[in-house]
Amino acid sequence: MQERHLRLQSQLGWFLTLITSMMATSVLAETANFGSLKLSPGFAASQGTTSGYTGGAYSLSAISNRDLDKNLCIGFADPNPDHILVLEKDFDNLKILVNSGGNDTTLLIKGPDDQTIRCGDDTGRSKDASVSNKKWRQGTYHIWVGMFDQGVKRNYVLTVQQ
C-alpha cells in the first residue's frame, strides 16, 4: 500500500512539473506582433518610434470596457499585443500617439500590471488615437493599436513622447 502511495506521489509530482513548465512557456511565448521598445527618461525621439499595421476582429473591450480614467476602450485588433513597451524607470508624463494618416484608430495599453489600463481614441480633430497620462511606473506595457471598424488594415507609426 505504501509503495502504491509513493508511486502516485511521484506521478503527481511529474504531472505538476509538466503543467508548471507548460504555463511558464505560454507566458514567455507572449510576444508582440511588431516588436518592442525599451525606454529610459531622456530617450532620443528616434528610440520612441516604431510601426505596424492594424487589422483584427478581436474586440479590445474584451480586455477592459473602461480605463483608469473611465475612458471607453473600443476598437478591434489582433488578440496579441502589437507592441511591448518596457519602461526602465518611472516617467512623470508620457504621450503615446498613433499616426495612420487620420484613419479611425484606437489604443489600449495594459501595464505594468493587469489592472492598469489606458485607452485612447480620437486626438483633437484627428481620428488617430493617443493616450497622454501622468505617473507611468517602471515595467512592461502591452500596446494594442486597433481600428474603430473590425478587420480594417491600415499602416501606422506609433510614437512615444516624454
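This structure is a prediction, so every number in the text was calculated from the model and none was measured.

### Things to note about the sheet that holds strand β6 (residues 91–99)
Here is step 1: Strand order in the open sheet made by the five strands is β2-β12-β6-β10-β9, with antiparallel pairing throughout. Here the strands that pair on one side only, and so sit at the sheet edges, are β2 (49–53) and β9 (122–123).
Here is step 2: Direction of pairing for β9 relative to strand β10 (residues 126–136): antiparallel, over a ladder of two bridges. Of the residues in β10, the one forming a bridge with T123 is S126.

### A word on the side chain of H83
Here is step 1: Within the secondary structure, H83 is located in strand β5 (residues 83–87).
Here is step 2: Residue classification places H83 among the buried positions, given a relative accessible area of 2%.
Here is step 3: Engagement of the side chain of H83 in a polar contact is seen with the side chain of Y156, the distance being 2.7 Å.
Here is step 4: When residues no more than four places from it in sequence are discounted, the contact partners of H83 are A32, F34, G35, T50, S51, Y141, H142, I143, V145, Y156 and L158.

### Points about the packing of aromatic side chains
Here is step 1: Tallied over the entire structure, the rule returns three aromatic pairs.
Here is step 2: Ring geometry for F34 and Y53: centres 4.9 Å apart, planes at 65°, overall edge-to-face. Of this pair, F34 sits in the loop between α1 (2–28) and β1 (36–39) while Y53 is found in strand β2, placing the two residues 19 residues apart along the sequence.
Here is step 3: Taking NZ or CZ as reference, R118 lies 3.7 Å from the ring centre of W136, over its face.
Here is step 4: Taking the ring centre of Y53 as reference, the NZ or CZ of K153 above it sits at 4.4 Å.

About the cut-offs
Residues numbered from 1 in each chain as written. Predicted model: local features only at pLDDT ≥ 70, side-chain atom pairs only at ≥ 80, totals over all residues. Heavy atoms only, no water. Pairing = 2+ DSSP bridges. Helix = DSSP H or I, 4+ residues; strand = E, 2+ residues; numbered from the N terminus. Buried < 20%, exposed > 50% of the residue type's maximum accessible area, 1.4 Å probe, protein only. Polar contact = N/O pair within 3.5 Å; in protein donor to acceptor, adjacent residues only side chain to side chain. Contact = heavy atoms within 4.5 Å. Phe/Tyr/Trp six-rings, centres within 6.5 Å; stacked < 30°, edge-to-face > 60°. Lys NZ or Arg CZ within 6 Å of the ring centre and 35° of its normal.

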